[in-house]
Amino acid sequence: MSITEQACPVSHWPDTDEIIAKSKKLIAEEPYGVNKPKMAEYDKYFEEKCAKSKASTAEAMEYIPGGVQHNLAFNHPFPLDIVKAEGAYLWDLDGNQYIDFLQAGGPTVLGSNYAPVREKVIEVLHNAGPVTGLFHEYELKLAKFIHDHIPSIDKFRMLGSGTEACMAAIRAARNYTSKRHIIKVGAGYHGWSDQLVWGTRIPGTASLEAHGIPDKCLEDTHEFYPNNIDGEGGLRELLEKNKANGGTAAVIVEPFGPESGSRPYYQDFNQKVRELCDEYDTLLIFDEVVTAFRLGLSGAQGYFGVTPDLTVFGKCVAGGYPAAGGVGGRCEVMDTFAGGIGAGSNRTLVGGTLSANPISCAAGYYSLVEMERTDAPLKAGRAGDRITEGLNKVINELELPFFAYNYGSIVHLMTHGVILVDVDNPDFMRQVFLRKKIAEEMGAAYTAEGVITLAGSRIYTSMADTDDIIDDAVKRIGRVLEKCETYVLDL
Ligand SMILES: Cc1ncc(COP(=O)(O)O)c(C=O)c1O
């Protein structure tokens, strides 16, 4: 029986087996990328139309490592200097307009720079300033809204980012359970804190991305492959192994799959993880940094009907405004976060000078209120359905090995497949290098066609994406896809 409903931001569950089969096929073959003459044209676009961006970001290279402060900002051939954001669009310093499918990495389900929220934030800023370090009414309003919409959230502690919130959640789990180990799904991203940079982006990569992190920090973090519940190296095996060695404090998952579902789960995965957590007396943490409230006001847990012990929030929780993070969950665990001078002795210590400032809390609160009033997650989800359908039509017409699928407003457009490469592939490092290069070029090509994506492979839609905008975007992306062919790397 399907657990989806028609009026749900996630209108349907994509066929997991089909996606897995297509992913395998995509990376089994030599990759496709934009052909050289077309790519030269796109590079020319940047030279001719983005001269001011080129100059300002060239100067930035002298003062900022890599020239940009965001991992998600494209560098090929140089970063763009964005000066204006509104609804579905971005504008650069040279006055070029782009359809914005990065949406800041996910938080702006209402569309960028949504005026009704901005006005409220400015009002709060006028009255309370950006920060006081003392209680503010919007702390309560936001916590209450979350509590009222997500049954598993008795209490909510706001923090500065999703990374901090993931750190805090595993710390609270250890404090509460007095157990030692943390298990995550390989490829999952839970921010960049020492203990969670393990098996990021690609399952099985273990400490590959953990430069500068002492081995000791990673000793108690373990990963299992997506969907591997009872198999060799699967969740049950890890829980069993840990049982005799300090126990597992928590299993942390992105409920729609690692990297927002770039490696898809079967629909009953979360329920199975919940059952095993109960069996081994382990806390279940849902990292809903992306999914709450993008996929609905009750988050992924509302969609799956699975109740985690703790939930990690980020992004939407501050409506795209700064300092977006927090943990919520069961009273007994959450009470260990109690702050203030008289906090208890068994405290899970967290902090942050700017956390839960009036701007973040008011922005989060009013964004959620507006998302509910306007049904933004549903509208953004329908835009995600429309672009997925449009892209698959183009891909099929062109007979390319690419594919698109979506969970509501989270859309995966798989072309280069850089995060799908199998760690057991003897050609692993070359494949990753090659596909990363293609990803940069694909991202730049879409941008030159007027569409900004996340890493050239993910699309976050918003309520601002009308049917016309989506259809226009499909045409623009289609112009890139039709110039794709087997890629030859010139070194
Ligand atoms: C699932 C998930 N968890 C945690 C984080 C980290 O959040 P932040 O970037 O706010 O530190 C991210 C960021 O993209 C994320 O996608």
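This is a predicted model, so every value here is computed, not measured. (Residues numbered from 1 in each chain as written. Predicted model: local features only at pLDDT ≥ 70, side-chain atom pairs only at ≥ 80, totals over all residues. Heavy atoms only, no water.)

### Describing the domain arrangement of the protein chain
Point 1. Considered domain by domain, the protein chain is made up of domain 1 (16-112 + 375-486) and domain 2 (137-356).
Point 2. If you average the C-alpha positions of domain 1 and of domain 2, the two centres end up 28 Å apart.
Point 3. On the domain 2 side, the residues contacting the 28 residues of domain 1 number 27 residues.
Point 4. Carbon and sulfur atoms make up 59% of the surface buried where domain 1 meets domain 2, a total of about 2,200 Å² over both sides. (Domains from an automatic or database assignment. Contact = heavy atoms within 4.5 Å. Buried area = accessible area lost by both parts, 1.4 Å probe.)

### Focus: the side chain of Ser-112
Point 1. Here Ser-112 shows up in the loop between β4 (97-100) and α4 (115-128).
Point 2. Judged by relative accessible area, Ser-112 falls into the buried class, the value being 9%.
Point 3. A polar contact is formed between the side chain of Ser-112 and the side chain of Gln-103, at a distance of 3.4 Å.
Point 4. In contact with Ser-112, other than residues within four places in its own chain, are Ala-85, Glu-86, Gly-87, Asp-100 and Gln-103. (Helix = DSSP H or I, 4+ residues; strand = E, 2+ residues; numbered from the N terminus. Buried < 20%, exposed > 50% of the residue type's maximum accessible area, 1.4 Å probe, protein only. Polar contact = N/O pair within 3.5 Å; in protein donor to acceptor, adjacent residues only side chain to side chain.)

### Some thoughts on the site of the ligand
Point 1. Contacts to the ligand come from Ser-161, Gly-162, Thr-163, Tyr-189, His-190, Gly-191, Glu-254, Asp-287, Val-289, Val-290 and Lys-315.
Point 2. Gly-162 is positioned such that a nitrogen or oxygen atom in its backbone is 2.8 Å from an oxygen atom of the ligand.
Point 3. Here the ligand loses 80% of its free accessible area of 390 Å² to cover by the protein chains.
Point 4. A class-by-class count of the residues in the shell around the ligand yields 3 nonpolar, 5 polar and 3 charged. (Near = heavy atom within 4 Å. Areas by Shrake-Rupley, 256 points an atom, 1.4 Å probe, with all protein chains shown as cover. Nonpolar A, V, L, I, M, F, W, Y, C, P; charged D, E, K, R; others polar.)

### Notes on the sheet that holds strand β15 (residues 458-460)
Strand pairing in a sheet is mediated by backbone hydrogen bonds. Such pairs are either parallel or antiparallel.
Point 1. One open sheet holds the 3 strands; their spatial order is β12-β13-β15, and the pairing between them is antiparallel. Two strands lie at the open edges of the sheet, namely β12 (403-407) and β15, each paired on one side alone. Strand after strand, the sheet turns through a mean of 20° between neighbouring axes, direction not considered.
Point 2. Note that β12 and strand β13 (residues 410-414) share 5 bridges and pair antiparallel. Bridging from a neighbouring strand, Tyr-407 pairs with Ile-410 of β13. (Pairing = 2+ DSSP bridges. Axes fitted to C-alpha atoms, helices over the stretch in contact; angles between N-to-C directions.)

### With respect to unusual backbone geometry
Point 1. Residue Phe-293 is bonded to the preceding Ala-292 through a cis peptide linkage, with omega at 15°.
Point 2. Along the polypeptide, Phe-293 turns up in helix α11 (residues 291-294).
Point 3. Non-glycine residue Ala-356 carries a positive phi angle of around 55°.
Point 4. Positionally, Ala-356 belongs in the loop between α13 (331-334) and α14 (358-374).
Point 5. A relative accessible area of 16% places Ala-356 in the buried class.
Point 6. Of note, the phi angle at Ala-455 is positive, near 55°, even though the residue is not glycine.
Point 7. Given the relative accessible area of 33%, Ala-455 is considered partly exposed.

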